[in-house]
Structures are given as structure tokens and as C-alpha cells.
Amino acid sequence: AHALANGLGNSHTTRFRAEGDLAAPQALWDDAVERAAIHAILNAGDVDVLGMMYSTAYPEIDGYRSWIRYALGRNPDTRIFIAAQAEGDPTVQTAAQFAAGYDSTLASVHSLIDDLRAAFPNVDIYAVPSGAMAVELFNLYEGAGLPDVSALVGAAADSLFQDSDGIP
């Protein structure tokens, strides 16, 4: 429904999922199997949006540039987004520390996007602050504002996070 409302017509999503930093653009580019699978999708020539996640383990611009160049070579009107997720083990920090880490990550993403926009001036490149949700939920949890959540990390049914990666 969101795609239709925003002029994308009949659309579908293809998602490539890797654990943690292996999902960073440079890590996916360096993995020959993953790169070939993603290239096959991009080669079809009907990709409207390419999303990538930011990883503090791979903060350099090279992986992002490689994917953007490749995508634009096959889909010249592709729009790009970088997802800014909260990172870090919530079990060893307070909600305020978790939020500060996310703020730092978001600042890095905005700086990266500025650099990418300079390199690709006619391309829509934007941030998706997906980690803001985890930060807000952690704040609510720490303040006892989530009465149905009994654990910080554990089973999905009653915990805020399913693992110590900090992703709800």
C-alpha cells in the first residue's frame, strides 16, 4: 500500500539478509556468492529503491559507492537509502548510553550520505533512522513504560530484544 501511495506501482521487495556486520555493503560486495545474487536482481533493470544498512565495522564509503554505481548502471533512476540501526549490546549499557551510541551512528550516516550525494549529485540518497525505534523502546523499558515486557533480552513474546545485538 505504501509503494502504491508513493507512485511505485506494483512493487515487490527482495531482501538479502546477513547477520550483523556481514550485511554491511562492503561485506556483501566482498562475498562473491552474495554479490552475484544481488547483481542478478539489479541486472533485471527494474529496481526503484536500493537500501543498505550502515555498519560501524565498515564505515568507509567504498562499499556504498560500488553498489550505487552498479545499481545505477542497470537502473538509472534508482533511489538509495542507508538504514541507521542502533548497535551495541543493550545488556551492558543504560538506555542513555544506547541512545548516545545511536546518535553517533546516525551522525556518521548523515556524513556518509553527504559524501555520497557529492559523488552522485543527481541521485536521491537518504537516511532511514530505523534505530530510533530501538532507542525509544529501550527508554520506555528502562522507565517501566512497557508493562508487558518482562526482560530486556530473551524470547520475542516477552522481551524487548531477542539477542544482544540491540535490534528488537
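Residues numbered from 1 in each chain as written. Predicted model: local features only at pLDDT ≥ 70, side-chain atom pairs only at ≥ 80, totals over all residues. Heavy atoms only, no water.

**Q** I'd like a rundown of unusual backbone geometry, residues and numbers included.
**A** Leaving glycine aside, a negative phi is the common case for residues, and trans is the common case for peptide bonds. With phi around 60°, Ala144 is a residue other than glycine that occupies positive phi space. Within the element layout of this structure, Ala144 appears in the loop between helix 6 (131-142) and strand 4 (151-153). Assessed through its relative accessible area of 67%, Ala144 is described here as exposed. (Helix = DSSP H or I, 4+ residues; strand = E, 2+ residues; numbered from the N terminus. Buried < 20%, exposed > 50% of the residue type's maximum accessible area, 1.4 Å probe, protein only.)

**Q** Quick rundown of the nonpolar core? Include the residues and the values.
**A** Here is a general trend for soluble globular proteins: nonpolar side chains tend to be buried in one another's company. By size, the foremost hydrophobic cluster in this structure holds 37 residues, and its most contacted members are Met52, Ile68, Ile80, Ile82, Leu116 and Ile125. Going through the elements one at a time, helix 3 (32-43), strand 1 (49-53), helix 4 (62-74), strand 2 (79-83), helix 5 (95-119), helix 6 and strand 5 (159-161) are the ones with two or more residues in this core. (Core = buried A, V, L, I, M, F, W, Y, C linked by side-chain atoms within 4.5 Å.)

**Q** I'd like a rundown of helix 5, residues and numbers included.
**A** The end-to-end C-alpha distance of helix 5 is 36 Å, a good match for the 36 Å that 25 residues give at a rise of 1.5 Å each. Every buried residue of helix 5 is accounted for by Ala95, Phe98, Ala99, Tyr102, Thr105, Leu106, Val109, Leu112, Ile113 and Leu116. Turning to helix 5, the residues buried within the fold contact helix 4, strand 2, strand 3 (125-128), helix 6 and strand 5. (Expected span 1.5 Å × (residues − 1). Contact = heavy atoms within 4.5 Å.)

**Q** Tell me what's going on with the sheet that holds strand 3, and back it up with residues and numbers.
**A** With parallel pairing, the 3 strands of this open sheet are ordered in space as 1-2-3. The two strands at the open ends of the sheet, each matched to only one other strand, are strand 1 and strand 3. Across the sheet, the mean angle separating the axes of adjacent strands is 25° when strand polarity is ignored. With 4 bridges connecting them, strand 2 and strand 3 associate as parallel partners. Bridging across to strand 3, Ile82 finds its partner in Ala127. Each of strand 1, strand 2 and strand 3 is contacted by helix 4, which is oriented at about 170° to strand 1, the strand it contacts most. Sheet contacts for helix 5: strand 2 and strand 3; angle to strand 3, the most-contacted strand, approximately 170°. (Pairing = 2+ DSSP bridges. Axes fitted to C-alpha atoms, helices over the stretch in contact; angles between N-to-C directions.)

**Q** I'd like a description of the packing of helix 3 against helix 4, backed by residues and values.
**A** Orientation of helix 3 relative to helix 4, taken along the N-to-C sense of each, is 30°, at an axis distance of 9 Å. By the angle class used here, helix 3 and helix 4 are roughly parallel. Between helix 3 and helix 4, the contacting residues are Arg35, Ile38, His39, Leu42 and Asn43 on the first element and Trp67, Tyr70, Ala71 and Arg74 on the second. Among the residues making up the contact of helix 3 with helix 4, the classes are represented as 5 nonpolar, 2 polar and 2 charged. (Parallel < 35°, antiparallel > 145°, perpendicular 65-115°, else oblique. Nonpolar A, V, L, I, M, F, W, Y, C, P; charged D, E, K, R; others polar.)

**Q** Explain the pattern of salt bridges residue by residue, including any values.
**A** Per the counting criterion, the structure on display carries 1 salt bridge. As a salt-bridge pair, Arg65 and Asp62 come within 2.9 Å of each other at their nearest N and O atoms. Here Asp62 and Arg65 lie together in helix 4, a separation of 3 residues that amounts to about one turn. A residue is classified by how much of its surface remains accessible, and Asp62, at 40% relative accessible area, is partly exposed. (Salt bridge = Lys/Arg side-chain N within 4 Å of Asp/Glu carboxyl O.)

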